[in-house]
Amino acid sequence: MEAVVFLATAAGLIAVGAFGIAGSRNLVRILISLEVMFNGALLALLTAARVAGTPGYGGLLALFSIGMAAAEVGVAVAIAILAFRVFGDVDVEKMSSLKG
Amino acid sequence: MFPSEGLAILAGATALAAAVAVVRARQLVYATLGLGVIGIANSALFMLLGYQFLALFNIAVYVGAVVTFLLFTVILFPKVPAPRPEVTMLSAGAAAAVFTLIFATLYAIYGSAEVTPSPVFEKYASMIASDYWVPFIIVTVALVATIIEAFALIVKYEEV
């Protein structure tokens, strides 16, 4: 089995996630698109570790990455909640200042 | 074509279709559910790469906790407009350029290699305890900070 299937899937996920981030104005939708990119990057990492002959270290790095992604989602959701309280909306176009 | 290669193509196509559904969904709830499908398809790809433990860990932690947390957030969040990104020539071209750049780079380095779905038997627990305990502590502190931040949000909401 060639690695091209995994690499194409990873590159596709990153591209679709980037499209979602660039075209969205809603903070929660941007966060979800960011998670799509994260999945693509994780798949690329594990494929590269497998091909390079260091699967153990790649798997360990992926474990820590998933844990940090969970913490990052918590922080991002908290920012979205606080932004809604301050600005009354989660449209990033309206968040032009840090007042509040 | 070997069965594992067919499964890899199927899982990859599922992940990409779910990713497009996530970005183009009208409702954020369906976008979050699509993220769960991506997580499960990714876990299938992890299995085919030989990372059985990581696949189950991904389902339990990422799909079971992170995506569920996002789903509850989207459900309980006040209804605000969430227009989906429009597909224009510029945006589609930029996405195609990102895909071409990343795929070409990855393929140049790893594309010609063969991947055998042999399981990875590394002992993660002993590796973490012996060599990688500092990153483990950092991840633990980050997760604890997230819990504390959630409590802080609740307290602030009650004060208001």
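Going by the structure above, here's the rest.
Only a predicted model underlies this, so the values are computations on that prediction, with no experimental measurement involved. (Residues numbered from 1 in each chain as written. Chains lettered and ligands numbered in written order. Predicted model: local features only at pLDDT ≥ 70, side-chain atom pairs only at ≥ 80, totals over all residues. Heavy atoms only, no water.)

*Asks:* Please clarify how the interface of chain B and chain A should be interpreted in this entry.
*Replies:* A common way to report how large an interface is uses the accessible area buried once the components associate. Listed as interface residues are 79 residues of chain B and, on the opposing side, 63 residues of chain A. Buried surface at the junction of chain B and chain A, summed over both partners, amounts to about 6500 Å²; 79% is from carbon and sulfur atoms. Counting across the chain B and chain A interface gives eight residue pairs in polar contact (both at pLDDT 80 or more). For the side of chain B that touches chain A, the secondary structure elements donating two or more residues are α1 (3–24), α2 (28–49), α3 (52–76), α4 (89–111), α5 (124–130) and α6 (133–159) of chain B. Counted by class, the side of chain B that touches chain A contains 59 nonpolar, twelve polar and eight charged residues. (Contact = heavy atoms within 4.5 Å. Buried area = accessible area lost by both parts, 1.4 Å probe. Polar contact = N/O pair within 3.5 Å; in protein donor to acceptor, adjacent residues only side chain to side chain. Helix = DSSP H or I, 4+ residues; strand = E, 2+ residues; numbered from the N terminus. Nonpolar A, V, L, I, M, F, W, Y, C, P; charged D, E, K, R; others polar.)

*Asks:* Help me understand the pattern of salt bridges, please; the structure alone is not making it clear to me.
*Replies:* Side chains carrying opposite charge are able to pair once their charged atoms draw close together. Residues and elements named next belong to chain A. In total, this model carries one salt bridge over all chains according to the counting rule given. Taking the shortest distance from any N to any O, the salt bridge between R25 and D91 comes out at 2.8 Å. Placement of R25 in the loop between α1 (4–23) and α2 (27–52) and of D91 in the segment after α3 (55–87) is noted, with a sequence separation of 66 residues between them. Given a relative accessible area of 13%, D91 falls into the buried group. (Salt bridge = Lys/Arg side-chain N within 4 Å of Asp/Glu carboxyl O. Buried < 20%, exposed > 50% of the residue type's maximum accessible area, 1.4 Å probe, protein only.)

*Asks:* So what exactly am I meant to see when it comes to the packing of α2 of chain A against α3 of chain A here?
*Replies:* When two helices pack together, their arrangement is given by the angle between the helix axes and the distance between those axes. Residue and element names in this part refer to chain A. For the pair α2 and α3, the least separation of the axes is 10 Å and the interaxial angle reads 175°. The angle between the axes of α2 and α3 places the two elements in the roughly antiparallel class. Grouping the amino acids of the contact of α2 with α3 by side-chain chemistry returns 19 nonpolar, three polar and three charged. (Axes fitted to C-alpha atoms, helices over the stretch in contact; angles between N-to-C directions. Parallel < 35°, antiparallel > 145°, perpendicular 65-115°, else oblique.)

Honestly, that's just the spatial picture; any functional story needs more than this.
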